[in-house]
Amino acid sequence: MTLNRRQFMQTTAAAVVLPKLGWASYPALVAQEAMQQIAPEGFSETRVWTYGGQVPGPEIRVPQGARVQRRLSNTLPQPTTVHWHGIRIDNAMDGVPGLTQDVVQPGSSFDYDFEVPDAGTYWYHAHNRSMEQIARGLYGPLIVEEAVAPDVDRDLTLMLDDWRLDSETAQIMDDFGNGHDLSHAGRLGNLVSVNGRFDPAYSVGGGERLRLRLINASNARIFDLGLDGLTGWIVALDGMPLEVPLEVSDRFPLAPAQRVDLIVDVRAAPSGIANLVSFERDGSYGLVRFDVSGKSKTARTGITPLVPNQMPEVLLEDVPLKQMAMQGGAMRWLESAKIGENVLSGQELAQLGRFWALNGNAERPAEPFLDVQKGTTYRIEFVNETAFPHAMHLHGHHFRLILEDGTLGPWRDTVLVERGQTRQIALVADNPGDWLLHCHMLGHAASGMMSWFRVT
Ligand code: C2O
Ligand code: CU
Ligand code: CU
C-alpha cells in the first residue's frame, strides 16, 4: 500500500524522536505575593499569595491526554506544594507533603510533570497548610479540553472564593487557627469573589450559548446557586460528563472543591441582565452578572451530552463495604480519639486544635483506611455523625455515587455528606499509590478529618 502525502507526513512526524534538552526547564509556576483589588473599589488592594502574580493563578488549558509540566518556584515565606485536584494523576505528582513528596521550601523549586487522562474542569491548589494557603489565594483552574468540544459561543471559567477580609483594611484576617471556625462550619468569609474580583460582569450576546465552568475554591462555603435570565443544563460534575445532562430547574449546591459545568442559553433580552445567583439565608443576589448586548440571535435548542471519559466499569455485586464514620465537632464533641497510637480525651484534643475524627483518628493514621490491590472495587459508606456537612474528597480517583435506590449515580471526586446523612460511593481503586481522603472544608481537614488509602 502506498501512502498519500498527508499520511506520509503524519507517519514520519510521529517517528521523529525529539532529543531531551538538558537545559530546558519547565514553564514556571511561581508562588509569590502580590497585591490585588479583591474588595470593592474604594477599599485598598489586598495582599494575596498567588501563582504567577494573580488570583486565580493562570488558567492551565491543555488537550485531553496532554502532559502538564510546570516548575513550581516558591518565593513565599512558607513551604508549599501544588496538588492537581481531580486529576487521576501519577502518585508522585499528587503534591501531598509527607505522603507523595517533600514540601518545597522557600527559595526552592519542584518540577511537576504528569498526563491528564480525562477531559473536564479541574483545579490546582496548595496542599501544605491548605487552610491558610488556599485562603490566601493559592489556586487556579486546570481545564482539559475534549477532543470534540460542545457547540457553544463561549467557554468561561468562574472560580468562586470566599474571603475573610478586615472590613477597614481589606487585608486577609490571619486567624487561621481560630478554634470556633475549626470546630464549627469552617472558615467562612465576608466577601465572595469570582475570578478574584468582587461583583464581576461579563458581556454576552442575546441568545448565546455559554459553557460555564464553576469551581468552588472556598475554604468552607457551600454555595447554593441558581440561574436568572439563563436556562440550561448541568453537563458535568467534578469534571466528569453526566450521561444525561440535568436541566437546571431549581437551585443546585456547589460544595468546596466541587465543580459544575453548565451549558446555558442567554434568555434575557438585549440590554438586559442575566445572573448566576447565589441563595443565602437572608436572600439571593447576583454572583456573576452577564450584560446582554447586541441583536438577539435565535437560541439553540436541545443539548448533546459531553463525550464521556474512559472510566472503569463499576460492578456492585459482591463488593466489600468499608465504613468511614465522621465524628466530632461542635455539639457532638469528641469524647476521645487517637493521634498515632495515643488515645486522647476530647479536652486534650481540643487543646491541640483537634475537633474531628475519621473512624476514631484525629490525625492521618499510620495505617491506611483501605489497603487494596489495584483494580479492586470497594463501597465506602460515609456515616456523618456530626452536626455539620462535610465535603469528602478522594485523591487520584473519581468514584461513583450510589443513589438511594442502590443504582449508580454520577462520577465525582468530592461528595457532600449532609449532617446526619449516610452516603455510599463505589470506588474502583485502579491508580497505584498512597492517596489522601479528607474533608475539603480545610479547617476540618486540619483539625482531624484526614485519612488515606493505599492501592498496590
Ligand atoms: Cu483539593 Cu487534598 O485536595
Ligand atoms: Cu484532590
Ligand atoms: Cu468537614
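It should be noted that the structure appears before, not after, this text.
Because the structure is a prediction, the values reported are computed rather than measured.

Participant: Would you mind going over the packing of aromatic side chains in detail, with residue names and values included?
Facilitator: A complete count under the given rule lists eight aromatic pairs for this structure. Between the aromatic rings of Trp84 and Phe114, the centroid separation amounts to 4.8 Å while the plane-to-plane angle is 50°, which identifies the pairing as tilted. Here Trp84 is found in strand E5 (residues 82–85), whereas its partner Phe114 is found in strand E6 (residues 109–115), with 30 residues between them in sequence. Here Trp84 matches Phe114 in class, with each residue buried. Ring plane angle 85° and centroid distance 5.9 Å describe the contact between Trp356 and Phe388, whose orientation is recorded as edge-to-face. In this pair, Trp356 sits in strand E24 (residues 356–358) while Phe388 sits in the loop between strand E26 (376–384) and strand E27 (390–394), placing the two residues 32 residues apart along the sequence. The two residues Trp356 and Phe388 agree in class, both being buried. One aromatic cluster is present, formed by Tyr51, Trp84, Phe110, Tyr112, Phe114 and Tyr124 through successive ring pairs.

Participant: Give a description of the coordination of the copper ion (ligand 3) that names residues and reports values.
Facilitator: Surrounding the copper ion (ligand 3) are the protein donor atoms His390 (ND1), Cys439 (SG) and His444 (ND1), which sit 2.0 to 2.2 Å from the metal. Mapped onto the sequence, the donors of the copper ion (ligand 3) take the spacing H-x48-C-x4-H. Here the residue His390 occupies a position in strand E27, and His444 occupies one in helix H5 (residues 442–446), the gap between them amounting to 54 residues. A relative accessible area of 0% places His444 in the buried class.

Participant: I'd like to hear about the sheet that holds strand E7 (residues 120–126), residue by residue, with values.
Facilitator: Across the sheet, four strands lie side by side as E3-E8-E7-E5; this open sheet has mixed pairing. At either margin of the open sheet sits one strand with a lone partner, and together these are strand E3 (60–63) and E5. This sheet shows a mean twist of 20° between the axes of neighbouring strands, independent of strand direction. In the sheet, E5 pairs with E7 via four bridges, with the strands oriented antiparallel. Across the sheet, residue His83 finds its bridge partner in E7, namely His125.

Participant: Pulling in residues and values, what's your account of the nonpolar core?
Facilitator: Residues Tyr51, Trp84, Phe114, Trp163, Phe382, Met392 and Leu394 are the most contacted members of the largest nonpolar core, which totals 90 residues. It is strand E31 (residues 422–429) that contributes the most residues to this core, five residues altogether. The next biggest cluster of nonpolar side chains, apart from the first, holds 30 residues, and it includes Leu212, Phe223, Ile234 and Leu262.

Participant: Talk me through the coordination of the copper ion (ligand 2); I want residue IDs and the actual numbers.
Facilitator: Taken together, His83 (NE2) and His393 (NE2) make up the full set of protein donors to the copper ion (ligand 2), lying 1.9 Å away. Placement of the pair is His83 in strand E5 and His393 in strand E27, with a sequence separation of 310 residues. Like His83, the residue His393 is buried in the burial classification.

Participant: Got a sec to walk through the environment of Tyr124? Specific residues and values, please.
Facilitator: As for its placement among the helices and strands, Tyr124 is situated in strand E7. For Tyr124, a relative accessible area of 0% gives the class buried. Along the primary structure Tyr124 and Glu59 are separated by 65 residues, whereas in three dimensions their C-alpha atoms are 9.6 Å apart. From its side chain, Tyr124 meets the backbone oxygen of Pro58 in a polar contact 2.6 Å long.

Participant: Account for the environment of Gln78, naming residues and giving values.
Facilitator: Counting through the fold element by element, Gln78 comes out in the loop between strand E4 (67–74) and E5. By relative accessible area, which is 13% here, Gln78 ends up buried. The sequence separation of Gln78 and Pro270 amounts to 192 residues, and the corresponding C-alpha distance is 49 Å. Among all residues touching Gln78, those that are not within four sequence positions of it are Trp49, Pro106, Arg129, Glu132 and Gln133. Among the polar contacts made by the side chain of Gln78, one reaches the side chain of Gln133 at a distance of 2.9 Å.

Basis of the calculations
- Residues numbered from 1 in each chain as written.
- Chains lettered and ligands numbered in written order.
- Predicted model: local features only at pLDDT ≥ 70, side-chain atom pairs only at ≥ 80, totals over all residues.
- Heavy atoms only, no water.
- Phe/Tyr/Trp six-rings, centres within 6.5 Å; stacked < 30°, edge-to-face > 60°.
- Helix = DSSP H or I, 4+ residues; strand = E, 2+ residues; numbered from the N terminus.
- Buried < 20%, exposed > 50% of the residue type's maximum accessible area, 1.4 Å probe, protein only.
- Donors = N, O, S within 2.8 Å, 3.2 Å for Na, K, Ca; no water.
- Pairing = 2+ DSSP bridges.
- Axes fitted to C-alpha atoms, helices over the stretch in contact; angles between N-to-C directions.
- Core = buried A, V, L, I, M, F, W, Y, C linked by side-chain atoms within 4.5 Å.
- Polar contact = N/O pair within 3.5 Å; in protein donor to acceptor, adjacent residues only side chain to side chain.
- Contact = heavy atoms within 4.5 Å.

Bear in mind that shape data such as this cannot, by itself, settle questions of function.
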